[in-house]
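Results of the structural survey
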Amino acid sequence: MKLHVVTFGCQMSAADGGELAAPLLARGFRAAQAPEDADAIVLNTCTVRQHAEDKALSLIGRLRPWKEQDSGRVLIVAGCAAERLGGWIRERFPYVDLVVGAKSIDDYPRLVEEALAAKFDALAESAAAFENIPSALDPAAPIGWSSAVVAPVTIMRGCNYSCSYCIVPSVRGREVYRPYETVLAEARAKAAAGAREILLLGQTVNSWHARGEDGRERRFPELLRAVAAIDGVARVRFESPHPYFFDDALISAISGVAGAGDHVHLPVQSGSDRALTRMRRNYSSASFLSLVERIRAARPSIELSTDIIVGFPSESEDDFSRTLELAERLRPTWTYAFKYSPREGTESAAMSDDVPADVKEERLSRLNALCDRFAEDALKARIGRTVEVLDESGGYGRTRDGLRVKWGSPARPGQLTTVLATGVAKRTLLGESQ
Ligand code: SAH
Ligand code: SF4
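The rules behind these values
- Residues numbered from 1 in each chain as written.
- Chains lettered and ligands numbered in written order.
- Predicted model: local features only at pLDDT ≥ 70, side-chain atom pairs only at ≥ 80, totals over all residues.
- Heavy atoms only, no water.
- Helix = DSSP H or I, 4+ residues; strand = E, 2+ residues; numbered from the N terminus.
- Rg over C-alpha atoms; globule rule 2.2 N^0.38 Å.
- Buried < 20%, exposed > 50% of the residue type's maximum accessible area, 1.4 Å probe, protein only.
- Contact = heavy atoms within 4.5 Å.
- Areas by Shrake-Rupley, 256 points an atom, 1.4 Å probe, with all protein chains shown as cover.
- Core = buried A, V, L, I, M, F, W, Y, C linked by side-chain atoms within 4.5 Å.
- Pairing = 2+ DSSP bridges.
- Axes fitted to C-alpha atoms, helices over the stretch in contact; angles between N-to-C directions.
- Near = heavy atom within 4 Å.
- Polar contact = N/O pair within 3.5 Å; in protein donor to acceptor, adjacent residues only side chain to side chain.
- Domains from an automatic or database assignment.

Turning next to the overall build of the chain. For the chain, the count of helices and strands is 13 helices and 20 strands. In terms of C-alpha radius of gyration, the chain reaches 22 Å, essentially the compact-globule figure of 22 Å for 434 residues. For the chain, the spread of C-alpha atoms along the principal axes amounts to about 65 × 55 × 50 Å. Buried positions account for 52% of the 434 residues belonging to the chain. Pairs at least 24 apart in sequence give 72% of the contacts found in the chain among residues at least 6 apart. Counting every atom, the chain has about 18,900 Å² of accessible surface; 50% of that belongs to carbon and sulfur.

As a further point, take the nonpolar core. Counting residues in each nonpolar core, the largest one holds 66 residues, and the members touching the most others are I155, L200, F220, L224, F238 and F246. Of all the elements, helix 8 (residues 220–228) adds the most residues to this core, at six residues. Dropping the residues within four chain positions of it, F238 is found in contact with L199, L200, V205, F220, L224, F246, L250, I254, A260 and V264. Counting residues in hydrophobic clusters, the runner-up holds 23 residues, among them F8, C46, A52 and L85.

Now for the sheet that holds strand 19 (residues 416–425). With mixed pairing, the five strands of this closed barrel are ordered in space as 16-17-18-20-19. Taken over all neighbouring pairs, the strand axes of this sheet differ in orientation by 50° on average, direction set aside. Pairing analysis gives six bridges linking strand 19 to strand 20 (residues 428–433), with the strands arranged antiparallel. For V419, the partnering residue across the bridge sits in strand 20 and is S433.

What follows concerns the site of ligand 1. The environment of ligand 1 is made up of 15 residues, and the closest members are R49, Q203, Q269, D307 and S341. Between an oxygen atom of ligand 1 and a side-chain N or O atom of Q269, the distance comes to 2.7 Å. The contact in question runs from an oxygen atom of ligand 1 to an N or O atom on the side chain of R281, over 3.4 Å. Here ligand 1 loses 91% of its free accessible area of 540 Å² to cover by the protein chains. Taken together, the elements giving at least two residues each to the shell around ligand 1 come down to strand 14 (303–310) and strand 15 (335–339).

Here the focus is the domain arrangement of the chain. The accessible area lost on association of the parts is a frequent measure of interface size. When its domains are assigned, the chain resolves into domain 1 (2–129), domain 2 (150–380) and domain 3 (386–433). Distance from the C-alpha centre of domain 1 to the C-alpha centre of domain 3: 35 Å.

Written out as structure tokens, the structure reads:
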């Protein structure tokens, strides 16, 4: 039996993909090379913007013939869009075997087991059909993540913020922090299985805190140091920190811990204070830039990347020009820029979505043109220099500060390797292994 996981959305969602696969792998499924070879497909959906949700729903529709060709096939729809639209998905796509929303991920293994048991009982197949299939997880076949060399570790779920545009708190719920020892145990296990880079994940990852077994409260910087100190771990990254929780203790951790502070993704969303207030981001453009200055003073070589929304309700040309100004000062190494998408039930959905579609489009392309230049400059600045790359998949990897690099042979998956950068193509450094 073969399994294929399709993930939409953020890195948290991609990390969830691994968890969504686990109960099926434990039941004997193996990774399918391609979706058409699969006996089971898990769609891990996203709802952060309408476009992401539409893509997932359209795929569920397109899977109908695949599903109906063979009654033994299994289709599971999970994640954030499943949380928001669960009942509707069940009605609209009755051939889906199981719909599990993001808030139910802890219950997911039991729900899958029940759904499979019911399905295979109905097909008059006994558990004996699974008897000869090994049930151990195959570490060589990571599912839902691009490589076992870079391993995600989810440290918290949910979000206690209420940015006015964002649906995440409603589909993922309030913050729940995983215990200190559990996070360290997972990171150690992944390092022992070959991971060299650990990616700590949470919606406001730096708000993590938890009491250890000894009763002492741990905060995020301490966790970061402890993960960086694990044998075999060369790099630790974290996503996404919220500027509000980026305190001096964290700045001192990223400046002092080798492998932990070469790149930080720091979403800003807008450069206009009026928009930031209406977004309820809890910082101003000046306080954001002063944080950036403090980070750069502590770690001058750091590369920063960011997320920006254009066309938030009532965004004027003046608001937008402030976003461009902020981008000029931040000079992000890369930028995820999005057109505002109203999400039902959020605070901003009650505001008029009054920036016309063509204006949103035009602002997005101006912002992208500017930020593409910063990205290109960062890449070109490396040409003629050697960079340290973690080989993720044989001739492809990233620098310490997150730039993508391709160099062909020799492939040394899982190893740090030195590459002389010789050119740039498609936002990637090209080079020769030294
Ligand atoms: N927790 C992360 C972001 C999660 S959502 C943080 O706070 O940084 C990922 C990105 O999607 C956000 O940073 C934002 O730029 C974008 N986004 C979220 N809601 C959106 C919406 N309604 N329309 C457009 N972009 C949105
Ligand atoms: Fe959404 Fe804001 Fe929470 Fe990020 S911090 S997940 S943008 S509500």
